[in-house]
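Listed below are the residues making up each chain.
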Amino acid sequence: MAKKPSRQFVCRNCGTAYPKWVGQCEACGEWNTLEEETVEPLAASTASGAAKGRRIKLEGLDGIAKPPPRIETTIAEFDRVLGGGLVPASVVLVGGDPGIGKSTLLLQAACRLAGNGERVLYISGEEAVDQIRLRALRLGVGTTKLDLAASINVADIVSTLEAETDVKAVIIDSIQTMWLETVASAPGTVSQVRACAFELIRLAKRRGFSLILVGHVTKEGALAGPRVLEHMVDAVMYFEGDRGHQFRILRAAKNRFGATDEIGVFAMTDRGLEEVSNPSALFLAERRGNIAGSAVFAGLEGTRPVLLEVQALLSPKSGDGAPRRAVVGWDTGRLSMLLAVLETRCGLKLSGMDVYLNFAGGLKVVEPAADLAVAAALISAASGVPTSSGEVYFGEVGLSGEVRQVAQADARLKEAAKLGFDQATLPRRVARGSVRNKPPEGLALRELGHLSDLISADMDAE
């Protein structure tokens, strides 16, 4: 007799299966992430091991490996994050908050590719074809020869792609809406997302077209669905941005064909997303000089140097509770550590103050090189003395107050000099070659070995 389908519970975060429901996944530690799914029994031939595989070919490590060919979208910021363009037979997963502009960006990229003579298919599971046409008219690309379809049935999509031989790129919006008849669960569940993605990825690898999947995100900002989905694709990108700002950031979290943590900067307009070739100038456009509590950070996003304004505000503690620490665009734990260093190692009394910190522009900064710029803003806010409007800061701060070296100092200094800054505060050179031999013309350097040197210099300036 044929075995009946059984039930199991699968963690949507890590994919671990359990025979019964539990509140916490033992593998990843997440709570309430288990979803029920049906397990189909194996065929008799497979279960008995009668079907044997064939021997695979083994090759040596040495050989000639050519760079993968690229299909440029001609959207420079998008191509930068991809590593130079789409790679044939590659799979890209793009995630982001609802309404942030994922569909807009990919429709613009699809129209650019189609305008360059490439055959592109845009398949939507969330919108009707007429809705996509209306968006294309609003973006000014309504006359582009782009093939559209609205379907959630993966079997139909696979049959269509099998019949089309000249397709170069396929966009699926979104993978959480796709559905397979052979999987007994609703669209968006762990089993459906995993099975649908597997079918589409296998077809893309076999037929050689580039596949772009749009993915939903959770309220924590992570990609929804099974975590194995991120391992199945070649590149994972997050489309970020604050709805209160016009800036949108496309960030690569994983890329088998390019650099990770690379970013592309866009501005949302009534005509869609526009590229920002010089994000530093855009982020600093509204900066006002001679304001206490403000400093300019010479950061690095991927391979691109970016200058950002960091703002700090100190106010007397309100109420009897602990002082407040409000941070936008930076790590709260990093701020607490820096405040402790300033108070313990440098004698700056901040324990009775509420601290508010903001990186203007909506960009989230993760590199430790921002420590020195944040410290300069805090010191300026505490003393009431503005930092120099022509000065930039970068450097990591240790627990003893020492200022440590960071990567790519040359690129940061060149970007500062290009935007007209005349002074840079950075870590003191401790090893030959760790910092550039000659700074850019017109840029004076102030090298620090300890955070107390920054306080002393600011007090002398006062």
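Residues numbered from 1 in each chain as written. Predicted model: local features only at pLDDT ≥ 70, side-chain atom pairs only at ≥ 80, totals over all residues. Heavy atoms only, no water.

Trainee: Looking at this structure, how should I read the overall build of the protein chain?
Mentor: For the protein chain, the helix and strand inventory stands at 12 helices and 21 strands. Projected onto the principal axes, the alpha-carbon positions of the protein chain cover approximately 85 × 50 × 50 Å. Here the protein chain holds 462 residues, and the buried ones make up 46% of them. A sequence separation of at least 24 residues applies to 66% of the contacts in the protein chain between residues at least 6 apart. When the accessible surface of the protein chain is summed, it comes to about 23,000 Å², and 50% of that surface belongs to carbon and sulfur atoms. Side-chain charges of the protein chain comprise 53 positive and 55 negative groups, with the mean position of each set lying 5 Å from the other. (Helix = DSSP H or I, 4+ residues; strand = E, 2+ residues; numbered from the N terminus. Buried < 20%, exposed > 50% of the residue type's maximum accessible area, 1.4 Å probe, protein only. Contact = heavy atoms within 4.5 Å. Areas by Shrake-Rupley, 256 points an atom, 1.4 Å probe, with all protein chains shown as cover. Lys, Arg positive; Asp, Glu negative; His and termini not counted. Charge placed at Lys NZ, Arg CZ, Asp CG, Glu CD.)

Trainee: Would you explain the packing of aromatic side chains in this entry?
Mentor: In this structure the tally under the stated criterion is 4 aromatic pairs. Relative to F359, the ring of W330 lies with its centre 6.4 Å away and its plane at 50°, an arrangement referred to as tilted. Of this pair, W330 sits in the loop between β15 (325-328) and α9 (332-344) while F359 sits in strand β16 (residues 353-359), and the two are 29 residues apart along the sequence. Side by side, W330 and F359 carry an identical accessibility label, which is buried. Members of the aromatic cluster, joined through ring pairs, are F297, W330 and F359. (Phe/Tyr/Trp six-rings, centres within 6.5 Å; stacked < 30°, edge-to-face > 60°.)

Trainee: Sorry, what's going on with the pattern of salt bridges here?
Mentor: Close approach of charged atoms lets side chains of opposite charge pair. Applying the stated criterion to the full structure yields 22 salt bridges. Across the pair R206 and E162 runs a salt bridge, and its minimum N-O distance is 2.4 Å. In this pair, R206 is assigned in helix α6 (residues 190-207) and E162 in helix α5 (residues 154-163), connecting sequence segments 44 residues apart. In this structure, E199 and R202 form a salt bridge, with 3.0 Å as the shortest nitrogen-oxygen distance. Here R202 and E199 lie together in helix α6, a separation of 3 residues that amounts to about one turn. (Salt bridge = Lys/Arg side-chain N within 4 Å of Asp/Glu carboxyl O.)

Trainee: In this structure, what is going on with the sheet that holds strand β12 (residues 272-275)? I would like to understand it.
Mentor: Consider a sheet: its strands pair through backbone hydrogen bonds, and that pairing is either parallel or antiparallel. Strand order in the open sheet formed by 9 strands is β6-β5-β7-β8-β4-β9-β10-β11-β12, and the pairing between neighbours is mixed. Both edges of this open sheet fall to β6 (147-150) and β12, since each of them pairs with a single strand only. Pairs of neighbouring strands in the sheet enclose a mean axial angle of 25°, with direction left out of account. When strand β4 (residues 91-96) meets strand β8 (residues 210-215), the two strands line up parallel, connected through 5 bridges. Looking at β8, one finds that L93 is bridged to L213. With respect to the sheet, helix α3 (residues 102-115) is in contact with β4, β5 (120-124), β7 (169-173), β8, β9 (235-240), β10 (247-255), β11 (263-269) and β12, its orientation differing from that of β5 by roughly 155°. The sheet strands contacting α6 are β4, β7 and β8, and the helix crosses β8 at an angle near 160°. (Pairing = 2+ DSSP bridges. Axes fitted to C-alpha atoms, helices over the stretch in contact; angles between N-to-C directions.)

Trainee: So what exactly am I meant to see when it comes to the sheet that holds β16 here?
Mentor: Strand order across the open sheet formed by 7 strands is β15-β16-β14-β13-β17-β20-β21, with mixed pairing between neighbours. Edge positions in the sheet fall to β15 and β21 (444-448), since each has one partner strand and no second. Here the average twist between neighbouring strands, direction ignored, is 25°. Here strand β14 (residues 304-316) pairs with β16 via 7 bridges, running antiparallel. From the neighbouring strand, S315 faces β16, where its bridge partner is D354. Where α9 meets the sheet, its contacts fall on β15 and β16, and the angle it forms with β15 comes to roughly 125°.

Trainee: I tried to follow unusual backbone geometry on my own but got confused; where do I start?
Mentor: The bulk of non-glycine residues show a negative phi, and the bulk of peptide bonds are trans. In the segment running from D173 into S174, the intervening peptide bond is cis, with an omega of 5°. Tracing the sequence through the fold places S174 in the loop between β7 and α6. If you check the backbone angles, N32 has positive phi at about 55° while not being a glycine. Within the element layout of this structure, N32 appears in the loop between β2 (17-18) and β3 (34-39). We note that T74 has phi near 65°; this positive angle belongs to a residue other than glycine.

Trainee: Quick question: what am I supposed to make of the nonpolar core here?
Mentor: It is characteristic of soluble globular proteins that their nonpolar side chains tend to be buried jointly. If you look at the biggest cluster of nonpolar residues, it comprises 60 residues, and the most contacted ones within it are W330, L335, L342, F359, V374, L378 and L451. Ranked by the residues each element gives to this core, the list is headed by helix α10 (residues 371-383), at 8 residues. When sequence neighbours within four positions are dropped, the list of residues in contact with L378 reads A312, L314, L335, L338, L339, L342 and V355. Counting residues in hydrophobic clusters, the runner-up holds 34 residues, among them I100, L107, I212 and A252. (Core = buried A, V, L, I, M, F, W, Y, C linked by side-chain atoms within 4.5 Å.)

Such coordinate-based values are descriptive only and should not be taken to indicate function.
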